[in-house]
Amino acid sequence: MIANCKNLNRDQYLQWEEQQEEKHEYVDGQIFAMAGASENHVIITDNFFAELVTALRGIQCRSFSSNMKLAIDSENIYYYPDLFVTCHDGDRLTKQYKSHPCLIVEVL
């Protein structure tokens, strides 16, 4: 947990995160720095992403990599999944995060 950013509300976190060079996940008021990924992790994620881009071509769904936040409102969480897909019209309105995934991919 990031000691100087304890117990921020959602709006404070989103504003703070925009100013950071590193990515941080938000879990009900607590903020956690993201760890780097291994070479194999990056290769696997990139391959999945390339397949998703091809599969989604021509439809209104969009795929996002780990640089886009995903909000889980019911749990008060913002995190960066490795990949996710959203087809929800509401997700076109928010640029900082998305909230309605239909697929989440985490590479372990």
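These lines cover the structure that appears in this document, whether it is placed above or below. For clarity, every value in this text was computed on a predicted model and none was experimentally measured. (Residues numbered from 1 in each chain as written. Predicted model: local features only at pLDDT ≥ 70, side-chain atom pairs only at ≥ 80, totals over all residues. Heavy atoms only, no water.)

## A few points about the sheet that holds strand E8 (residues 101-105)
The three strands are arranged E3-E6-E8 in an open sheet whose pairing can be described as antiparallel. The sheet terminates laterally at strand E3 (62-65) and E8, the two strands that pair on one side only. Averaged over all neighbouring strand pairs, the angle between strand axes comes to 15 degrees, with direction disregarded. Here E3 pairs with strand E6 (residues 83-86) via four bridges, running antiparallel. Paired with Ser63 across the bridge in E6 is Val85. On top of the sheet, helix H2 (residues 39-56) reaches E3, E6 and E8; it is set at about 165 degrees to E3, its chief contact. (Pairing = 2+ DSSP bridges. Helix = DSSP H or I, 4+ residues; strand = E, 2+ residues; numbered from the N terminus. Axes fitted to C-alpha atoms, helices over the stretch in contact; angles between N-to-C directions. Contact = heavy atoms within 4.5 Å.)

## Structural notes on the state of the cysteines
Counted by the stated rule, this structure contains one disulfide. With a sulfur-sulfur separation of 1.8 Å, Cys61 is cross-linked through a disulfide to Cys87. Handedness here is read from the sign of the S-S torsion; for Cys61 and Cys87, about 105 degrees, the answer is right-handed. Of this pair, Cys61 sits in the loop between H2 and E3 while Cys87 sits in the loop between E6 and strand E7 (97-98), and the two are 26 residues apart along the sequence. We classify Cys61 as buried; its relative accessible area is 15%. (Disulfide = S-S within 2.5 Å. Buried < 20%, exposed > 50% of the residue type's maximum accessible area, 1.4 Å probe, protein only.)

Keep in mind these numbers describe shape, not what the thing actually does.
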